[in-house]
Amino acid sequence: MNNNLTGYSNFWVVKASKLCNLRCSYCYEWDELGDPKKLSLELWRNFFSGIRHLSEEAKVERKSVSHKLILHGGEPLILPLNYLQSIMDIATDYGGDDLDLQNCLQTNLYSITEEKIQYLKENRFRIGVSFDGVPGTRLSVAGKTTEDQVVKNMEIILRNGINYGCICVVGRHNENRLVDIFNFFYNLRISFRFLPVFDVSQHVNQSQISVNYEATANRLFEVFVIWISKKETLSVRPFLEWLEISLRFLSKQKIRESASRVEGPTVTLVNTDGKLYRVPDAYTAGLEFGDLEYGLPMSFGSKQHRKSVQREENEVNATCNACTFRDYCDSSFIVSSRPERTKHCGVDYLVISKIVRWLGENADHFAMAFEIMSPDAEPIGPELQVLA
C-alpha cells in the first residue's frame, strides 16, 4: 500500500464586513464601504462546519489539506471585538488547530487598539498591511491622508511582537516612486508585495489610477534589479515568482503538464451574504457557485461550481496557451491582471520577459539569481497575496 499523502491548500477570503474607515480611490468595494452589515455568526458556523467536513473527507481520501482563513473587508479591525472573538470561538468549537487552519487578516492599519492587538496575538494571526507609500489615494472618511498614522501603527504592532507583511498597490499615484517605496520596506526588513492595480471603483476615472502596462513593467523591473543585486532573502513578491519562472524557462525545467490554477490551491471568496465565488467571478450576479446557507460540501459538489471552474480554465487557456512561458508558469497571475487589455497577463508577462533577457546578458546575473533562489534562502513574512 502507498502511504504517501498528497496535499493541497484552500484559501478562504472572507468578507466579514465591507465597512471601512478609509476611502481609497481604487477600492472595488467603494459602494459598500459605509455598510455595517456583517457575515452572520450562523453563517460562520456553517463555514467552519464545512471546513471540518472538507478536512475529514481529505483524510479518508488520504490527502492532507490546509486552510488559510483571510479576514478581509472593508476593514476587519474596526469590527466589534466581541464579534471577532466569536469567530474564533466558533472555529474552536469545530476543531480549531486540528483543522490545520491558519488565521490571516488584511488591514489598512489606520486604527488599532490594545484589545485588538491582544486578539491578534492570542489567535496567532498573520497580518497583511495595505500601504502604498505615498499620500493622496488612501484617504480617511474625512478626506485626510493616512500614511503617517499607519507607519506609527506599524511600529506599535511590531513592538508588540506582531510580524507583518505589506501589499503595495501600484498605480499612477505611486509608480514613479517605486524605488523609494522598495527602500522604505527594505530598510525596515518588511516583506511585501507589489500589486499593479487592475480594477478600480466606478466613481473614479480609470486614467487617474490604472497603470500603463509597459511603463509600470519598466519601473518594476528597475526595482527587481535593485532587489536581486542586494543578494538578500527579504521576500518581495511577485519578484520571487517572476524569477522562478524565468529560471525554469532558461533551464527548460517544465512544471508538470497537468498543472494549472484550477487544479492547484483553491481561492474562494466568501461575500458578506454568504455567497461563494471563485475570484474571477466575484460579485457577478448568477456566477456564484454556492452559499454558506446551504453549506460548503453542497456548494463544492454543485453544477455551478463545475461551471465556475470551467470558466476559469477557459480564461487561463485563452490567455496562456500561446504564451512563451506557458509550460513554466502555473497561470496564477490571471487573478491579478486584466488579460482583456493586453495579449498576455499584463505587467507580469512583460517583466518576466525582461528578466529572461537580463539573466542571459552575463553569468553574474545568473549567479545572483541562483543565490536568491537557494534552498537555504528563508523568505520573510506572510503569503497574503490573494487580494488587496
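Here the structure is a predicted model, which is why all the values come from computation and not from measurement.

Undergrad: Before we move on, can you summarise the side chain of glutamate 75 with the specific residues and values?
TA: Mapped onto the secondary structure, glutamate 75 falls in the loop between β3 (63-72) and α2 (81-93). Buried charge without a partner: glutamate 75 forms no salt bridge, and the closest opposite charge is arginine 138, 6.6 Å away. Here asparagine 108 takes part through its backbone nitrogen, which lies 2.7 Å from a polar atom of the side chain of glutamate 75. Here glutamate 75 is in contact with Leu19, Cys20, Asn21, Gln106, Thr107, Asn108 and Leu109, once residues within four sequence places are set aside.

Undergrad: Give a description of the nonpolar core that names residues and reports values.
TA: Counting residues in hydrophobic clusters, the biggest one holds 90 residues, and the most contacted among them are Trp44, Phe47, Phe194, Trp227 and Leu243. Residues contacting phenylalanine 194, with those up to four places away along its chain left out, are Cys168, Val170, Leu178, Ile181, Leu220, Val223, Arg237, Pro238 and Phe239.

Undergrad: Any details on the pairing of strand β10 (residues 266-270)? Residues and values, ideally.
TA: The buried fraction of β10 amounts to five of the five residues, a majority that puts the element mostly inside the structure. Side chains Thr266, Thr268 and Val270 of β10 all project onto a buried face; the interleaved residues Val267 and Leu269 project onto the opposite face, where all are buried too. Here three bridges tie β10 to strand β11 (residues 275-278), and the two strands are oriented antiparallel to one another. If you follow valine 270 over to β11, its bridge partner there is leucine 276. Where β10 folds back onto β11 in an antiparallel hairpin, the turn is made up of four residues, including glycine 274, whose phi is positive at roughly 90 degrees.

Undergrad: So, the pattern of salt bridges: which residues are in play, and what are the values?
TA: One pass over the full model with this rule turns up 14 salt bridges. One salt bridge in this structure joins arginine 52 and glutamate 56, with 3.1 Å as the shortest N-O distance. Taken together, the residues arginine 52 and glutamate 56, both in helix α1 (residues 41-60) and four residues apart, mark about one turn of the helix. A relative accessible area of 34% places arginine 52 in the partly exposed class. Given a relative accessible area of 40%, glutamate 56 falls into the partly exposed group.

Undergrad: Would you mind going over the packing of α2 against helix α3 (residues 114-122) in detail, with residue names and values included?
TA: Contact geometry of α2 with α3 gives a least axis separation of 11 Å together with a crossing angle of 5 degrees. Between α2 and α3, the angle is such that the two are roughly parallel. For the pair formed by α2 and α3, the contact residues are Leu81, Leu84, Gln85 and Met88 on the first element and Glu115, Lys116 and Tyr119 on the second.

Undergrad: Kindly report on the packing of aromatic side chains, identifying the contributing residues and their values.
TA: Considering all chains together, one arrives at 25 aromatic pairs under this definition. For the ring pair tryptophan 44 and phenylalanine 47, a centre distance of 5.7 Å and an interplane angle of 90 degrees mean the geometry is edge-to-face. Highlighted residues: tryptophan 44 and phenylalanine 47, both in helix α1, separated by three residues, approximately one helical turn. With relative accessibility at 0%, the residue tryptophan 44 sits in the buried group. When the centroid spacing of 6.3 Å and the interplanar angle of 20 degrees are considered together, the rings of phenylalanine 221 and phenylalanine 224 count as stacked. Linking phenylalanine 221 with phenylalanine 224, this pair stays in helix α7 (residues 213-229), spanning three residues, or about one helical turn. With relative accessibility at 0%, the residue phenylalanine 224 sits in the buried group. Above the ring of phenylalanine 249, the side-chain terminus of lysine 252 is found at 4.4 Å from the ring centroid.

The rules behind these values
- Residue numbers restart at each chain and count upward from 1, following the sequence in its written direction.
- For this predicted model, a pLDDT threshold of at least 70 governs which residues receive local features, and a threshold of 80 or more governs which side-chain atom pairs are given and counted, while totals over whole chains, interfaces and linings are taken from all residues.
- Each side-chain value is worked out from all heavy atoms of the structure, with water and hydrogens disregarded.
- In DSSP terms, a helix is any run of H or I states spanning at least four residues, a strand is any run of E spanning at least two, and both are numbered starting from the N terminus.
- Partly exposed residues are those whose accessible area sits between 20% and 50% of the maximum for their type, while under 20% is buried and over 50% is exposed, using a 1.4 Å probe and protein chains only.
- Counted as positive: Lys and Arg. Counted as negative: Asp and Glu. His and the chain ends are not counted at all.
- Each salt bridge in this description consists of a side-chain nitrogen of Lys or Arg and a carboxyl oxygen of Asp or Glu lying within 4 Å of one another.
- Polar contacts here mean pairs of N or O atoms no more than 3.5 Å apart (in protein, one a potential hydrogen donor and the other a potential acceptor; neighbouring residues in sequence count only if both atoms are side-chain atoms).
- For this analysis, residues touch if any pair of their heavy atoms sits within 4.5 Å.
- Side-chain atoms within 4.5 Å are what join buried Ala, Val, Leu, Ile, Met, Phe, Trp, Tyr and Cys residues into a set we call a nonpolar core.
- In short, DSSP must find at least two bridges between two strands for them to pair.
- Axis definition: a line fitted to C-alpha atoms, limited for helices to the stretch in contact. Angles are taken between N-to-C directions and run from 0 to 180 degrees.
- Orientation categories follow fixed angle ranges, with anything under 35 degrees roughly parallel, anything over 145 roughly antiparallel, 65 to 115 roughly perpendicular, and all other angles oblique.
- The criterion for an aromatic pair is that two Phe, Tyr or Trp rings (for Trp, the six-membered ring) have centres within 6.5 Å, with stacked assigned to planes under 30 degrees apart, edge-to-face to planes over 60 apart and tilted to the rest.
- Only lysine NZ and arginine CZ atoms are considered, and such an atom sits over a ring when it is within 6 Å of the ring centre and within 35 degrees of the ring normal.

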